[in-house]
Amino acid sequence: MTENRTSVQNLAQQYIEAGKPKEWFEILYSQANNDEKLVPWANMQPNHNLLQWLDDHQIQGQEKTALVIGCGLGDDAEELAKRGFQVTAFDISPSAIKWCKNRFPNSLVNYLVADLFHPLAEWNQTFDFILESYTLQSLPTSLSSQSMPLIANFLAPEGILLIICRGRNPEEKLEKVPYPLTKNYLMQFVDVGLSLQQFEDYFDQQDSPPGRRFRVTFKK
Ligand SMILES: C[S@@+](CC[C@H](N)C(=O)[O-])C[C@H]1O[C@@H](n2cnc3c(N)ncnc32)[C@H](O)[C@@H]1O
């Protein structure tokens, strides 16, 4: 797994240095060819940080809409659908979306190929709940911060945005993908009109690899 992680980091680095930071995802998923062991973030189960948050917040999905950004292989989107949300889940990688549809042929989730930076007009002010887990940290921060006004705009009034990511202090140097995020970086969501509800900063022992995580809730 460590060896695969290093080769994925090298692939990402090569594309980022070539000025194509969004292109390596499709290459990774298509080369993985349905072997999840080759996709470092593919746990084939919902993120436990999401499950715990949903349980703690007793959030009811009935008649609520949810958007999953960079949905990967779909487990978090399926969990939200199970809890009653009407879920739209998108990913830039056509192979990832095809994989989701093959894994969950009877899914209630609306899976789409889409680029966060070129969103559908119908997403404006639409979603009661948005989940972003581990996607912003997989893009260079100069690019990912451009998504913040877009993400804020997808939220319906009173909508909730949940971010789950690796966390770091500002003085820690960034090396290769994934790029852990800082609190100041995430607080840019306040600059684009959201209010901070909760900022959790903890060590996640269960994740692979274990490490510092931020789980942050914003409200429109
Ligand atoms: C590190 S993975 C995390 C996947 C999933 N959220 C999870 O937690 O397992 C990042 C995901 O974001 C997707 N992605 C990257 N850039 C994107 C973009 N501009 N628009 C949509 N999806 C994107 C990638 O294809 C990949 O599936």
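Here the residue numbers are simple positions, counted from 1 along each chain's written sequence. Two thresholds apply to this predicted model, a pLDDT of at least 70 for residue-level local features and 80 or more for giving and counting side-chain atom pairs, whereas whole-chain, interface and lining totals are computed over all residues. With hydrogens and water set aside, each side-chain value is computed from the structure's full complement of heavy atoms.

Asks: How do you make sense of the environment of phenylalanine 127 when you look at a structure like this?
Replies: Each helix is a run of H or I in the DSSP string that is no shorter than four residues. Each strand is a run of E no shorter than two, and both are numbered from the N terminus. Considering the arrangement of structural elements, one finds phenylalanine 127 in strand E4 (residues 127-133). On a C-alpha basis, the gap between phenylalanine 127 and phenylalanine 154 in space is 6.1 Å, while along the polypeptide they are 27 residues apart. The contact criterion used is simple: two residues touch if any of their non-hydrogen atoms lie within 4.5 Å. The contacts of phenylalanine 127, once residues within four sequence positions are left out, are Thr65, Ala66, Leu67, Thr88, Phe154, Leu155, Ala156 and Gly159.

Asks: Is there a simple way to think about the packing of aromatic side chains in this case?
Replies: How two aromatic rings sit relative to each other is given by the distance of their centres and the angle of their planes. Two aromatic rings, drawn from Phe, Tyr or Trp (for Trp, its six-membered ring), form a pair once their centres lie within 6.5 Å of each other, and the interplanar angle then sorts them: stacked below 30 degrees, edge-to-face above 60, tilted otherwise. One pass over the structure, following the stated rule, counts 11 aromatic pairs. Judged by centre distance (6.5 Å) and plane angle (55°), the rings of phenylalanine 25 and tryptophan 41 are tilted. Pair noted here: phenylalanine 25 is in helix H2 (residues 24-32) and tryptophan 41 is in the loop between H2 and helix H3 (48-57), with a separation of 16 residues, a long-range link. For phenylalanine 25, a relative accessible area of 11% puts it in the buried group. Three exposure classes are used, based on accessible area relative to the maximum for each residue type with a 1.4 Å probe and protein chains only: buried under 20%, partly exposed in between, and exposed over 50%. Residue tryptophan 41 is classed as partly exposed on the basis of its relative accessible area of 33%. In this scheme, the term charge over a ring applies when either NZ of a lysine or CZ of an arginine sits within 6 Å of the ring centre and within 35 degrees of the ring normal. Positioned above the aromatic ring of phenylalanine 199, the side-chain terminus of lysine 183 is 4.7 Å from the ring centre.

Asks: Explain the nonpolar core here, please?
Replies: Throughout this description, the term nonpolar core refers to a set of buried Ala, Val, Leu, Ile, Met, Phe, Trp, Tyr and Cys residues connected via side-chain atoms within 4.5 Å. One finds Trp24, Ile130, Ile151, Leu161, Ile163, Leu186 and Phe189 to be the most contacted residues of the largest nonpolar core, which totals 38 residues. Listing elements by their share of this core, those giving two or more residues are helix H1 (2-17), H2, strand E1 (65-69), E4, helix H7 (148-154), strand E5 (155-166), helix H8 (183-186) and strand E7 (211-219). With 5 residues, the top contributor of residues to this core is H1. Discounting chain neighbours no more than four positions away, the residues touching isoleucine 151 are Ile69, Leu116, Ile130, Leu136, Leu161 and Phe189.

Asks: Help me understand the UniProt feature "domain: Methyltransferase type" (unreviewed entry) in the protein chain in this model?
Replies: UniProt positions are given in the numbering used here, feature names are shortened, and annotations may be inferred rather than shown by experiment. Mapped onto this structure's residue numbering, the UniProt feature "domain: Methyltransferase type" (unreviewed entry) falls at residues 68-163. For the annotated span residues 68-163, helix accounts for 30% and strand for 29% of the residues, and the straight-line distance between the end C-alpha atoms is 11 Å.

Asks: Help me understand the pattern of salt bridges, please; the structure alone is not making it clear to me.
Replies: Each salt bridge in this description consists of a side-chain nitrogen of Lys or Arg and a carboxyl oxygen of Asp or Glu lying within 4 Å of one another. Summed over the entire model, instances satisfying the criterion amount to 11 salt bridges. Its salt-bridge partner being aspartate 55, residue arginine 83 comes within 2.9 Å of it at the nearest N-O pair. With arginine 83 in the loop between helix H4 (75-82) and strand E2 (86-91) and aspartate 55 in helix H3, this residue pair connects regions lying 28 residues apart in the sequence. You can call arginine 83 partly exposed: its relative accessible area is 24%. Accessibility expressed as a relative area gives 40% for aspartate 55, which makes it partly exposed. Here glutamate 79 ties to lysine 82 by a salt bridge, and the two come within 3.9 Å at their closest N and O atoms. Taken as a pair, glutamate 79 and lysine 82 lie in helix H4 at a separation of 3 residues, close to a single helical turn. When its relative accessible area of 69% is taken as the criterion, lysine 82 is described as exposed. Taken together, the salt bridges that share partners define one network made up of Asp55, Glu79, Lys82 and Arg83.

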